Amino acid sequence: MLNRLSGQYRIRILAIVTMAATGLFCPYSEAMAADAVQARKDIKAMGLEFTGSAFATVAGNDDLTAVQLFLDAGMDVNAGGGAAIGVAAGRGKARMVQFLLSKGAKPTANAQHYATTRGYPEIAKILTDAGERE
């Protein structure tokens, strides 16, 4: 089956399968290299670019592994004015919002607004408790 896929998709599938298999047998810290160079290689192998936009996208998709890779690679958790926490809040990803806060993300007014207007009061409360005031 892999022979019929284009090179780009073959690399993505192999990276995902490899990461999933490795994650089953050892914790993240052992499965992935925590150094920045290896983390950037892992991000590239996933078919992602090391940009603030891609970081916000994976946060909004609740992809904890990819978010951790971005952070290991040196991404500022508040890149793009806190876009990652804003997207996660607006998509109702409470676990991701809490994770980003634990990594130093600032609870922004935009994230608060997105959580409130899109019907996620539990996330709005998490952000308020973390310091954001409406």
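Sequence order sets the numbering: in each chain, residues are counted from 1 along the sequence as written. Local features are withheld for residues below a pLDDT of 70 in this predicted model, meaning they are given only at 70 or higher, and side-chain atom pairs are given and counted only at 80 or more; totals for whole chains, interfaces and linings count all residues. With hydrogens and water set aside, each side-chain value is computed from the structure's full complement of heavy atoms.

1. A closer look at the nonpolar core
Put simply, the rule reads: Grouping buried Ala, Val, Leu, Ile, Met, Phe, Trp, Tyr and Cys residues that are joined through side-chain atoms within 4.5 Å yields what is termed a nonpolar core. Exposure classes here rest on a 1.4 Å probe applied to the protein chains alone. A residue is buried below 20% of its type maximum, exposed above 50%, and partly exposed in between. Helical segments are the DSSP runs of H or I of at least four residues, strand segments are the runs of E of at least two, and each set is numbered from the N terminus.
By size, the foremost hydrophobic cluster in this structure holds 32 residues, and its most contacted members are Phe55, Val67, Ile85, Val97, Leu100 and Leu127. Looking at this core, the elements with two or more residues in it are helix H3 (36-45), helix H4 (52-60), helix H5 (64-72), helix H6 (79-90), helix H7 (94-102), helix H8 (109-117) and helix H9 (121-129).

2. Observations regarding the packing of aromatic side chains
Stated formally: Any pair of Phe, Tyr and Trp rings, taking the six-membered ring for Trp, is counted once the centres come within 6.5 Å. Such a pair is stacked with planes under 30 degrees apart, edge-to-face with planes over 60 apart, and tilted for the rest.
By the definition in use, this model includes 2 aromatic pairs. Between the aromatic rings of Phe50 and Phe70, the centroid separation amounts to 5.8 Å while the plane-to-plane angle is 15 degrees, which identifies the pairing as stacked. Of this pair, Phe50 sits in the loop between H3 and H4 while Phe70 sits in helix H5, placing them 20 residues apart in sequence. Look at Phe50 and you get partly exposed, because its relative accessible area is 27%. Judged by relative accessible area, Phe70 falls into the buried class, the value being 0%. Through a chain of ring-to-ring contacts, three or more aromatic side chains come together here, namely Phe50, Phe55 and Phe70.

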